[in-house]
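Listed below, chain by chain, are the residues.
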Amino acid sequence: MRSGFPRRPPPPPPPRSPQPCPGDHPPGFRAFFLPGGLSRAFPLEMPFVELDTNLPAGRVPAGLEKRLCAATAAILGKPEDRVNVTVRPGLAMAMNGSAEPGAQLLVSSIGVVGTAEENRGHSARLFEFLTKELDLAQDRIIIRFLPLEPWQIGKKGTVMTFL
């Protein structure tokens, strides 16, 4: 029996995030399917690197941020002028229950930190760099890799999806 009220149409599906798509796109770019059947290639540049450490500022080598920028660019295969580095020394930190000197590195990027195979190679080279630069044992350093999508990075008053 009908109640006399018209049925409401189902709500539209939520907007989808851009989905990776295969195909021809310039080197250093990753293509995505966008809502509406469009596709677009995005630069795989602009990695973000954040180094947090409880080492006092005086024990962090001068110019570390520039050397970390150059090393990250070489390791990830990105132009150095697109790598963003922040170094924060002198933090209150505990790692594995110990406040002994240590460091945490966060590497975030579009397209180059998304698989275990990629990150294993990046990790080995970043550990080599950090142990030498900071004079820390490998068990006092931890690296986190965070893959990003173009809609998660704001630039020029919009997000990378629309640039």
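Remember, it's a predicted structure, so these values are computed and weren't measured experimentally. (Residues numbered from 1 in each chain as written. Predicted model: local features only at pLDDT ≥ 70, side-chain atom pairs only at ≥ 80, totals over all residues. Heavy atoms only, no water.)

1. Digging into the sheet that holds strand β7 (residues 141-148)
Sheet architecture is open: four strands sit in the order β5-β4-β6-β7, paired in mixed fashion. Every other strand in the sheet has two partners, leaving β5 (84-88) and β7 as the edge strands with one partner each. Averaged over neighbouring strand pairs, the angle between their axes works out to 10 degrees when direction is ignored. Relative to the sheet, helix α2 (residues 116-134) contacts β4 (48-53), β6 (103-110) and β7, its axis offset from that of β7 by approximately 140 degrees. (Pairing = 2+ DSSP bridges. Helix = DSSP H or I, 4+ residues; strand = E, 2+ residues; numbered from the N terminus. Axes fitted to C-alpha atoms, helices over the stretch in contact; angles between N-to-C directions. Contact = heavy atoms within 4.5 Å.)

2. What to know about the packing of helix α1 (residues 64-76) against α2
The contact between α1 and α2 brings their axes to 10 Å, and the two run at 160 degrees. Considered as vectors, α1 and α2 are oriented roughly antiparallel to each other. When you trace α1 past α2, the crossing you get is right-handed. Facing α1, whose interface residues are Leu64, Arg67, Leu68, Ala71, Thr72, Ala74, Ile75 and Leu76, α2 presents His122, Arg125, Leu126, Phe129, Glu133 and Leu134. (Parallel < 35°, antiparallel > 145°, perpendicular 65-115°, else oblique. Left-handed = near helix turned anticlockwise from the far one by under 90°.)

3. Some remarks on unusual backbone geometry
Most peptide bonds are trans, and most residues other than glycine sit at a negative phi. The phi dihedral of Asn96 is positive, around 55 degrees, even though this residue is not glycine. In this fold, Asn96 is placed in the loop between β5 and β6. What makes Asn96 exposed here is its relative accessible area of 72%. (Buried < 20%, exposed > 50% of the residue type's maximum accessible area, 1.4 Å probe, protein only.)

4. A closer look at the pattern of salt bridges
Going through the model one piece at a time under the given rule, you end up with four salt bridges. Measuring nitrogen to oxygen at the nearest pair gives 2.8 Å for the salt bridge that ties Glu50 to Arg88. Here Arg88 lies in strand β5 and Glu50 lies in strand β4, a separation of 38 residues in the sequence. Taking relative accessible area as the criterion, Glu50 reaches 27% and is therefore assigned partly exposed. Between Arg88 and Asp52 there is a salt bridge whose closest N-O contact spans 2.6 Å. Here Arg88, found in strand β5, pairs with Asp52, found in strand β4; they are 36 residues apart in sequence, far enough to count as distant. (Salt bridge = Lys/Arg side-chain N within 4 Å of Asp/Glu carboxyl O.)

5. A closer look at the environment of Asn119
Mapped onto the elements of the fold, Asn119 is located in helix α2. Distance from Asn119 to Val107, taken between C-alpha atoms, is 9.9 Å for residues twelve residues apart in sequence.

6. Quick look at the pairing of β6
Burial analysis of β6 places seven of its eight residues in the buried class, which makes it a mostly covered element. Bridge analysis of β4 against β6 gives six bridges, and the strand direction is antiparallel. For Thr53, the partnering residue across the bridge sits in β6 and is Ala103. Pairing of β6 with β7, which is carried by eight bridges, proceeds in the parallel orientation. Across the sheet, residue Ile110 finds its bridge partner in β7, namely Leu148. In the classification by handedness, the crossover that spans β6, the intervening α2 and the parallel β7 is right-handed. (Right-handed = clockwise from strand over helix to strand, strands pointing away.)

7. Quick word on the confidence of the model for the chain
A low pLDDT score tells you not to read the predicted coordinates there in detail. Residue-level pLDDT values for the chain average 83, and 74% of them are 70 or greater. Per-element confidence in the chain ranges from a low mean pLDDT of 47 for strand β2 (residues 29-33) to a high of 98 for β4. This stretch, residues 15-21, has a pLDDT under 50; its non-local contacts, to residues over four places away or in other chains, come to 19 contacts. Low pLDDT, under 50, characterises residues 38-42; the predicted model gives this stretch 28 contacts beyond four residues in sequence or across chains. (pLDDT = per-residue confidence, 0-100.)

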